[in-house]
Amino acid sequence: MNTRRKNRLYLALSVLVGLGLTITLVLYALRSNIDLFYTPSEILYGKGESHQLPEVGQRLRVGGMVQPGSVKRDNQTLKVTFKLYDVSGVVDVSYVGILPDLFREGQGVVAQGVFEAGNKIEAKEVLAKHDENYTPPEVKEAMEKNHQRAPQAYKDNAS
């Protein structure tokens, strides 16, 4: 092989390696900033056909209904704990901050935060459903699929 062809081959290979490295780094950076949407039952039993469970420390958004009787406020701080439920699951959420005005028991909310051991969510933000006219498609689909009254077993556990 002559020198000119070798140089072109090395140039083409270095461009391909550089492009592959760039794509890998971009995907890795995006992975750490993605917040996946889960329902309480998907957190407990897995999401999709693969039944993939969230990992401890993973950022996520969880949407469900605030379980009646589960809201507990700390009188000394702004810490609030409550339970989110859907048709077949309940998860605990803790949040430090001021809740939205429309937050109340039996209301649909989305909590965005970090998944912790024991099926707990350390929320950084809580969004209350405020308008029937617009809901993100994934949230609307999950809520329609899973929206039912709290099963009696969940109500008994809250007491």
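Residues numbered from 1 in each chain as written. Predicted model: local features only at pLDDT ≥ 70, side-chain atom pairs only at ≥ 80, totals over all residues. Heavy atoms only, no water.

## Some thoughts on the overall build of the protein
Our working rule: Numbering of helices and strands runs from the N terminus, with a helix taken as a DSSP run of H or I at least four residues long and a strand as a DSSP run of E at least two residues long. With residues, only the protein chains shown are counted as cover, and all accessible areas are computed by Shrake-Rupley using a 1.4 Å probe.
Counting its regular elements, the protein contains four helices and seven strands. Scanning the protein from its N terminus toward the C terminus, one meets helices and strands in the order α-β-α-β-β-β-β-β-β-α-α. Accessible area for the protein stands at about 10,800 Å²; split by element, carbon and sulfur atoms hold 55% of it.

## Points about the UniProt feature "transmembrane region" (unreviewed entry) in the protein
What counts here: UniProt positions are given in the numbering used here, feature names are shortened, and annotations may be inferred rather than shown by experiment.
The UniProt record marks residues 9-30 with the feature "transmembrane region" (unreviewed entry), using the residue numbering of this structure. Helix makes up 100% of residues 9-30 and strand 0%, whereas the separation of the span's terminal C-alpha atoms amounts to 32 Å.

## A look at the nonpolar core
Operational definition: For this analysis, a nonpolar core means a set of buried residues of the types Ala, Val, Leu, Ile, Met, Phe, Trp, Tyr and Cys, connected via side-chain atoms within 4.5 Å. Buried, partly exposed and exposed residues are distinguished by accessible area as a fraction of the type maximum, computed with a 1.4 Å probe on protein chains only: under 20%, between the cut-offs, and over 50%, respectively. In what follows, a contact means two residues having at least one pair of non-hydrogen atoms within 4.5 Å.
Core analysis: the biggest nonpolar cluster contains 20 residues, and Val 62, Phe 82, Leu 84, Val 109 and Val 126 have the highest contact counts within it. Per element, the largest residue contribution to this core is four residues, and it comes from strand β7 (residues 120-128). Among all residues touching Val 126, those that are not within four sequence positions of it are Phe 82, Tyr 95, Leu 99, Pro 100, Phe 103, Val 109, Val 110 and Ala 111.

## Looking at the pattern of salt bridges
Any two side chains of opposite charge can pair, on the condition that their charged atoms come close. As a reminder of what qualifies: Criterion for a salt bridge: a side-chain nitrogen of Lys or Arg within 4 Å of a carboxyl oxygen of Asp or Glu.
What the rule picks out here adds up to one salt bridge. Note that Asp 92 is salt-bridged to Lys 83, the shortest N-O span being 3.6 Å. Accessibility expressed as a relative area gives 28% for Asp 92, which makes it partly exposed.

## So, unusual backbone geometry
In this structure, His 51 is a non-glycine residue whose phi angle is positive, near 55 degrees. Residue position: His 51 is located in the loop between α2 (40-45) and β2 (59-66). Located in the positive-phi region is Asn 119, a residue other than glycine, with phi close to 55 degrees. Along the chain, Asn 119 turns up in the loop between β6 (108-116) and β7. Owing to a relative accessible area of 28%, Asn 119 belongs among the partly exposed residues under this scheme.

## Considering the packing of aromatic side chains
Each aromatic ring pair is characterised by the separation of its centres together with the angle its planes make. The test is simple: Pairing of aromatic rings covers Phe, Tyr and Trp, the last counted by its six-membered ring, and requires centre-to-centre distances within 6.5 Å; plane angles under 30 degrees mean stacked, over 60 mean edge-to-face, and any other angle means tilted. Definition used: whenever NZ (Lys) or CZ (Arg) falls within 6 Å of the ring centre and also within 35 degrees of the ring normal, the charge is taken to sit over that ring.
Counted under the stated rule, the structure contains one aromatic pair. We note Lys 47 situated over the ring of Tyr 38; from NZ or CZ to the ring centre the distance is 4.7 Å.

## Quick word on the side chain of Ser 94
Our working definition: What qualifies as a polar contact is a pair of N or O atoms within 3.5 Å, subject to a donor-acceptor requirement within protein and to the restriction that residues adjacent in sequence count only when both atoms come from side chains.
As for its position among the elements, Ser 94 is in strand β5 (residues 89-96). On the basis of relative accessibility, which here comes to 12%, the residue Ser 94 falls in the buried class. Polar side-chain contacts of Ser 94 include one of 2.8 Å to the side chain of Glu 122. Setting aside chain neighbours within four positions, we find Ser 94 in contact with Lys 79, Val 80, Thr 81, Ile 121, Glu 122 and Ala 123.

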